[in-house]
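This is what each chain is made of:
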Amino acid sequence: MIELVNISKSYPTSVLYNELNLRLNAKDKVGLVGRNGTGKSTLFKLILGEEHPDGGEIKFPKNYRIGALKQYFDFTQKTLIDETALALSEEDKYEIYKAEKILFGLGFTMEDLNKDPKSFSGGYQIRINLAKLLLTEPNMLLLDEPTNYLDILSIRWLKEFLKAFQGEVILITHDRDFMDSVCTHTLGIVRKSAFMIPGGTRKFYEQILANEEHHEKQKIAQEKKIKDLEEFIAKNKARAATATLAQSKVKILEKMDILEDLDYDANLKFDFNYKETAAKFLVEVKDLSFGYTKDNILFKDITFALSSGETIGIIGKNGKGKSTLLNTIAGELEPLSGDVKFHPSCEFGHFGQTNISHLNQNNTIMDEIYSVNHKLPEAVIRSICGLMMFSGDNAKKKISLLSGGEKSRVMLGKIIAQDVNLLFLDEPTNHLDIDSIDALTTAIKAFPGSCMIVTHSEELLRAVCDRLIVFTNDGADYFNGTYDEFLEKIGWEEDGVEKKKEVKPKRTKKEIKKLRAAVVAQKTETTRPVRKEIEKIEESLPSLSGAEKSQQEERLLELQIELEQLNEEFQEKLDAI
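Here is what the cut-offs are and how they apply
Residues numbered from 1 in each chain as written. Predicted model: local features only at pLDDT ≥ 70, side-chain atom pairs only at ≥ 80, totals over all residues. Heavy atoms only, no water. Helix = DSSP H or I, 4+ residues; strand = E, 2+ residues; numbered from the N terminus. Contact = heavy atoms within 4.5 Å. 1 Å grid on protein atoms, 1.4 Å probe; cavity = no way out; pocket = protein on both sides within 12 Å on 5 of 7 lines; lining within 4 Å. Points joined across faces, edges and corners; volume = space filled by probe spheres on them. Nonpolar A, V, L, I, M, F, W, Y, C, P; charged D, E, K, R; others polar. Salt bridge = Lys/Arg side-chain N within 4 Å of Asp/Glu carboxyl O. Buried < 20%, exposed > 50% of the residue type's maximum accessible area, 1.4 Å probe, protein only. Domains from an automatic or database assignment. Axes fitted to C-alpha atoms, helices over the stretch in contact; angles between N-to-C directions. Parallel < 35°, antiparallel > 145°, perpendicular 65-115°, else oblique. Left-handed = near helix turned anticlockwise from the far one by under 90°. Pairing = 2+ DSSP bridges. Right-handed = clockwise from strand over helix to strand, strands pointing away.

The name recorded for the protein chain in an unreviewed UniProt entry is ABC transporter ATP-binding protein, from Candidatus Marinarcus aquaticus.

**Considering the side chain of Thr311**
By secondary structure assignment, the location of Thr311 is in strand β12 (residues 311–316). Among residues more than four places away in sequence, those in contact with Thr311 are Cys451, Ile453, Val464, Cys465, Asp466 and Arg467.

**Quick look at empty space enclosed by the protein**
All told, the structure shown has one cavity of 30 Å³ or more when counted by the stated rule. As a volume, the largest cavity reaches approximately 30 Å³. What lines the largest cavity is Ile155, Lys159, Asp175, Asp177, Phe178, His456 and Glu458. When contributions to the lining of the largest cavity are tallied by element, the ones reaching two or more residues are α5 (152–164) and α6 (176–182). Taken together, the residues of the lining of the largest cavity break down into two nonpolar, one polar and four charged.

**With respect to the pattern of salt bridges**
When their charged atoms lie close together, side chains carrying opposite charge are able to pair. Taken as a whole, this structure holds 23 salt bridges when the rule is applied. Here Glu90 ties to Lys93 by a salt bridge, and the two come within 2.8 Å at their closest N and O atoms. You can call Glu90 exposed: its relative accessible area is 61%. Residue class for Lys93 comes out partly exposed when judged on its relative accessible area of 36%. Two residues, Lys98 and Asp92, come together in a salt bridge whose shortest N-O distance is 3.0 Å. Accessibility expressed as a relative area gives 24% for Lys98, which makes it partly exposed. Salt bridges sharing common partners tie together Arg156, Lys159, Asp177 and Glu458.

**Notes on the domain arrangement of the protein chain**
With domains assigned, the protein chain is organised as domain 1 (2–204), domain 2 (209–255), domain 3 (281–490) and domain 4 (507–539 + 562–576). Using C-alpha coordinates to define each centre, domain 1 is positioned 50 Å away from domain 2.

**Some details on unusual backbone geometry**
In this structure, Glu137 takes a positive phi of about 50° despite not being glycine. According to the relative accessible area criterion, Glu137 is partly exposed, its value standing at 46%.

**Looking at the environment of Lys275**
By the secondary structure assignment, Lys275 is in the loop between α8 (243–255) and β10 (281–293). On the basis of relative accessibility, which here comes to 29%, the residue Lys275 falls in the partly exposed class. When the C-alpha positions of Lys275 and Val420 are compared, they lie 5.0 Å apart, and in sequence the two are 145 residues distant. Beyond its immediate sequence surroundings of up to four residues, Lys275 is in contact with Ser345, Glu347, Asp419, Val420 and Asn421.

**Observations concerning the packing of helix α7 (residues 201–236) against helix α18 (residues 546–576)**
How two helices pack is summed up by the angle between their axes together with the distance between the axes. Put simply, α7 and α18 touch, their axes get as near as 11 Å, and they point 140° apart. Considering their axes alone, α7 and α18 lie oblique with respect to each other. Between α7 and α18 lies a crossing whose hand is right-handed. Between α7 and α18, the residues in contact are Lys203, Glu206, Gln207, Asn211, His214, Gln218 and Gln222 and Lys549, Glu553, Leu556, Leu557, Gln560, Ile561, Glu564, Gln565 and Glu568, respectively. The class makeup of the residues in the contact of α7 with α18 is three nonpolar, seven polar and six charged.

**Some details on the packing of α7 against α8**
The N-to-C vectors of α7 and α8 enclose an angle of 150°; their axes lie 9 Å apart at closest approach. Classified by the angle between their axes, α7 and α8 sit roughly antiparallel to one another. Crossing of α7 over α8 shows left-handed handedness. Of the residues in α8, those in contact with Ile226, Leu229, Glu230, Phe232, Ile233 and Asn236 of α7 are Ala243, Leu245, Ala246, Lys249, Val250, Ile252 and Leu253.

**With respect to the sheet that holds strand β17 (residues 467–472)**
With respect to topology, six strands assemble into an open sheet ordered β14-β15-β16-β12-β17-β18, the strand pairing being mixed. Whereas interior strands pair on both sides, the edge strands pair on one side only; in this sheet they are β14 (348–351) and β18 (475–479). Along the sheet, successive strands turn relative to each other by an average axial angle of 10°, direction set aside.

**Here's the deal with the layout of surface pockets**
The space that makes up the second largest pocket amounts to roughly 1200 Å³. Along the wall of the second largest pocket there are 34 residues; nearest its centre are Phe195, Asn211, His215, Glu553 and Leu557. Within the residue set of the lining of the second largest pocket, elements represented by two or more residues are β2 (14–24), β8 (185–190), β9 (193–198), α7 and α18. The biggest single contributor to the lining of the second largest pocket is α18, with nine residues. Considered class by class, the residues forming the lining of the second largest pocket number 15 nonpolar, nine polar and ten charged. No fewer than three residues from each of domain 1 (2–204) and domain 2 (209–255) sit in the lining of the second largest pocket.

**Details of the sheet that holds strand β4 (residues 55–59)**
Pairing is antiparallel across the open sheet formed by three strands, whose spatial order is β2-β1-β4. For this open sheet the edge positions go to β2 and β4, each flanked by a neighbour on one side alone. Shown here is a sheet whose adjacent strand axes are inclined to one another by a mean of 20°, direction ignored. Two strands pair when backbone bridges link them, and strand β1 (residues 2–11) and β4 are joined in this way by four bridges, in the antiparallel orientation. Bridge pairing links Glu3 to Lys59 in β4. Packed on one face of the sheet, helix α1 (residues 40–48) meets β1, β2 and β4 and runs near 120° to β1.

**Considering the pairing of strand β6 (residues 140–144)**
For β6, a buried count of four out of five residues is recorded, marking the element as mostly surrounded by other parts of the structure. Where strand β5 (residues 66–68) and β6 come together, three bridges link them in parallel fashion. Of the residues in β6, the one forming a bridge with Ile66 is Met140. The pairing of β6 with strand β7 (residues 168–172) spans five bridges and is parallel. Residue pairing in the sheet places Leu143 in a bridge with Leu171 of β7. Once you follow β6 into α5 and on to β7, the crossover reads as right-handed.

Shown next as structure tokens:
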């Protein structure tokens, strides 16, 4: 158990928290959400003692061990297995199989065990740190974007590991599907304070929206009451017969807790500009092969045609050639053999890690967007900057001062500045927060053109992809089906995570209609007393103040959460019919 009491933290340029409170109970697994810059990573540093709060207290049980994933590398041993075994406790130092088991789960092979840990790529070096962390068997895990450098198989393994983990977890990740499948609670940093509910992110954001709507209703009711009181006072204060009554109204007005206007976060919301095309196929790939040497072929004889309006997902383990295939099709790399033919009307936008590294560090955000379309007037460029959440003077920030997530948004802004009918997107969700990923997913789904996406996000694959190119140990193959169809028909090699889906019993339309009507009737009956109590409290709140008002507001929040849980339970019953 860990408890944060009245934590305050600020920097010269911003205030992160005002009296933030949080309590984690045994085995709670908490997903931490909030816009970039709200202080999620800083909260980890406070818990670890790497930074100190301006006020408040952090309480731990005695001998409580907290483990955090390191993002830097300090390897001292000559082999992977020796480096990982350093994390074993004194009593387990000869139990090398424990280190091997975790390494294999994270995608390392038997041959890797005797390799120098420094010889691995950055992504695999992150996995070495993750393996060492898991071996220390901490009471609590603090994981800040642990999936960033993991492929789908490793993410699926880590997901199952964390679900079975017997301690507490606080998890920051942009992967909503990963967070919701692992976590028992969702914690958000909202308006410089913490708000936590049991359940997943969708339920959390629905509750935040409900709270905001309730606040706005209360504020409107309060403003009306204030106006009525002020009008009464103005009319009656000068008359002897009503002066005393007017004075009592003044006292009511003075004691009233004025509700403040809510400070809403800026949201990413945009569409890609579509260039009309009559092409049936925007790009045709025939017998495409690539390798950095003839002895190191990453993919061979790939053939497919990308239809207009179709989205293809490129998936597989890290290091197999997913990004290389996309870059080869985009013309950034020369293939060993084969052809890539674009339709004459094809115009593509390319979002990739190599593109981000090509951003001119001395340019401003406006300069970078202008560089891809010199015809755009300043007003349009500023509008695009605003869509990417760079409003006002922020649009004049230099690229060198931006975070990874901000640079990703600049790249999206550069694509929006062009008229395109084909999108090449390489790990577009990296560095974006959950809200921004939702906006990106919506924009891809709404885009009338075609798209090719390299991603390890199973949620994005399910949302937008019609077909797949799958990289395995034997190369790459074109799969004519969705991601769920791939899992059902082929599945991942050496992956024991995917479970067979339950088969629903076959029913007639009449039976289904009857069953659904019964569930709806049961839902109405069960939720009626909760809804009535909510309505009663909402009606009474404008006339309350002080402790009584606070007590009723707490009760209202409890009821809203209870109602949401009941609605979810009955929705599950309806879905199961």
